[in-house]
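Examining the three-dimensional arrangement
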Amino acid sequence: MPELPEVEVTRRGIEPHLVGRRIAAVAVRETRLRRPVNDDLAARLQGQRIARLHRRGKYLLADLDRGQLLLHLGMSGHLRVVPQDTLVQRHDHVDLLLEDGNCLRFHDPRRFGLLLWGEDWTSDPLLQGLGPEPLGSEFDADYLFARSRRHQQPIKSFLMDAHVVVGVGNIYANESLFRAGIDPRRAAGRIALPRFRRLHQAIVEILQEAIIAGGTTLRDFTRPDGRKGYFRLSLAVYGREKEPCIRCGKALRAARIGGRSSFYCGQCQR
DNA sequence: ACACGATCCTGACTGC
DNA sequence: TGCAGTCAGGATCGTG
């Protein structure tokens, strides 16, 4: 589910409910996530005030009086802020009960997500090797061009590598390459600088548009207030195999690239 | 160093 | 209707 726009929409949605508040209690119903939840999570979090909530790639980091809470939504996770007496559903794994009667509820059917307390995650291997933020100033066409030289990997797989740039997952890689007119199978190292300018611009635009639309809901994703994300309505290629290309009308194609389903126009993307 | 496939897990959907 | 097979928004690990 969640790529950068969905995580950022989540961050913006929960931030006003969390920042400045104290965690009164914690309910852990399932510890088996991508890595097990701290066995002393409740003790670590109880009574702590949340000072700040930030995002690094697809990770969310909550700064506490002591330490940090690291969250990741995996493929199927979402976070919602609900009143504490809200009925618990299957796969509602963790609740952070806040002093105001609300609760932050972590839901993740496939359990590829993370919810971990630590002293400081910024120097942890999980975050250390990450590439630049796609909406930050270090990310530009020159960076992509330099970073991609001699890479034989398909440009789509290259874009989805968090060591290259964070936050661009399968949907937005497909959409960005369509907008930039680049064949997703093309070797990253064989793309010239001017085309990387178009690609960079496409990535930035699409991520920004998706954030404004509230992200993309395919099935699992919901915003913290329970609403869906509406960028799905703006998808030009993702999930549209055999439908006409919005630019040239030719039937869109599907392919498997790096083990991930990919969609493109054989006419417009070279 | 790099590129690829398998893997973790549940649920939804397809086709027989 | 039931059941097996396939696929899914991510990230890591082992292999060649």
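Residues numbered from 1 in each chain as written. Chains lettered and ligands numbered in written order. Predicted model: local features only at pLDDT ≥ 70, side-chain atom pairs only at ≥ 80, totals over all residues. Heavy atoms only, no water.

Our next topic: the packing of helix α6 (residues 170–180) against helix α7 (residues 193–212). Helices that pack against each other are described as a pair by the angle of their axes relative to one another and the distance between those axes. Running from N to C, α6 and α7 point in directions that differ by 130°, and their axes come no closer than 8 Å. Overall, the two elements α6 and α7 adopt an arrangement that is oblique. The hand of the α6/α7 crossing is right-handed. Contacts between α6 and α7 involve Tyr172, Glu175, Ser176, Leu177, Arg179 and Ala180 from the first element and Arg198, Leu199, Ala202, Ile203, Glu205, Ile206, Leu207, Glu209 and Ala210 from the second. Considered class by class, the residues forming the contact of α6 with α7 number nine nonpolar, one polar and five charged. (Axes fitted to C-alpha atoms, helices over the stretch in contact; angles between N-to-C directions. Helix = DSSP H or I, 4+ residues; strand = E, 2+ residues; numbered from the N terminus. Parallel < 35°, antiparallel > 145°, perpendicular 65-115°, else oblique. Left-handed = near helix turned anticlockwise from the far one by under 90°. Contact = heavy atoms within 4.5 Å. Nonpolar A, V, L, I, M, F, W, Y, C, P; charged D, E, K, R; others polar.)

Inspection of the region around DNA strand B gives Arg90, His91, Pro109, Arg110, Arg111, Phe112, His151, Gln152, Gln153 and Pro154 as its neighbouring residues. Counting only the atoms of DNA strand B that lie within 4 Å of the protein, the sugar and phosphate share comes to 67%. A distance of 3.4 Å is found between a sugar or linking oxygen of DNA strand B and a backbone nitrogen or oxygen belonging to Pro109. One of the side-chain nitrogen or oxygen atoms of Arg111 is found 2.7 Å away from a sugar or linking oxygen of DNA strand B. Classifying every residue of the surface near DNA strand B by side-chain character gives three nonpolar, four polar and three charged. (Near = heavy atom within 4 Å. Polar contact = N/O pair within 3.5 Å; in protein donor to acceptor, adjacent residues only side chain to side chain.)

Attention shifts here to the sheet that holds strand β8 (residues 114–118). Spatially, β2-β3-β4-β8 is the arrangement adopted by the four strands of the open sheet, whose pairing is antiparallel. Every interior strand has two partners, whereas the edge strands, β2 (50–56) and β8, have only one. The mean inter-strand angle of the sheet, taken between neighbouring strand axes irrespective of direction, is 20°. Here β2 pairs with strand β3 (residues 59–64) via six bridges, running antiparallel. Directly across from Arg55, in β3, lies its bridge partner Leu60. (Pairing = 2+ DSSP bridges.)

Another aspect to go through is the domain arrangement of chain A. Annotation of chain A at the domain level lists domain 1 (4–125) and domain 2 (141–264). The centre of domain 1, based on its C-alpha atoms, is set 28 Å off from the matching centre of domain 2. In this assembly, 18 residues from domain 1 lie in contact with 18 residues from domain 2. Across the domain 1 to domain 2 interface the summed buried area is about 1,500 Å²; carbon plus sulfur atoms make up 67%. (Domains from an automatic or database assignment. Buried area = accessible area lost by both parts, 1.4 Å probe.)

In this section: α7. Along an α-helix, residues three or four positions apart point the same way, because every turn accommodates 3.6 residues. For α7, built from 20 residues, the straight-helix expectation of 28 Å at 1.5 Å per residue is met to within 8% by its first-to-last C-alpha distance of 29 Å. Of the surrounding secondary structure, the elements contacted by the buried residues of α7 are α1 (4–18), α4 (141–148), α5 (155–159) and α6. Among the residues trailing α7, Gly214 stands out with phi positive, at a value near 90°. (Expected span 1.5 Å × (residues − 1).)

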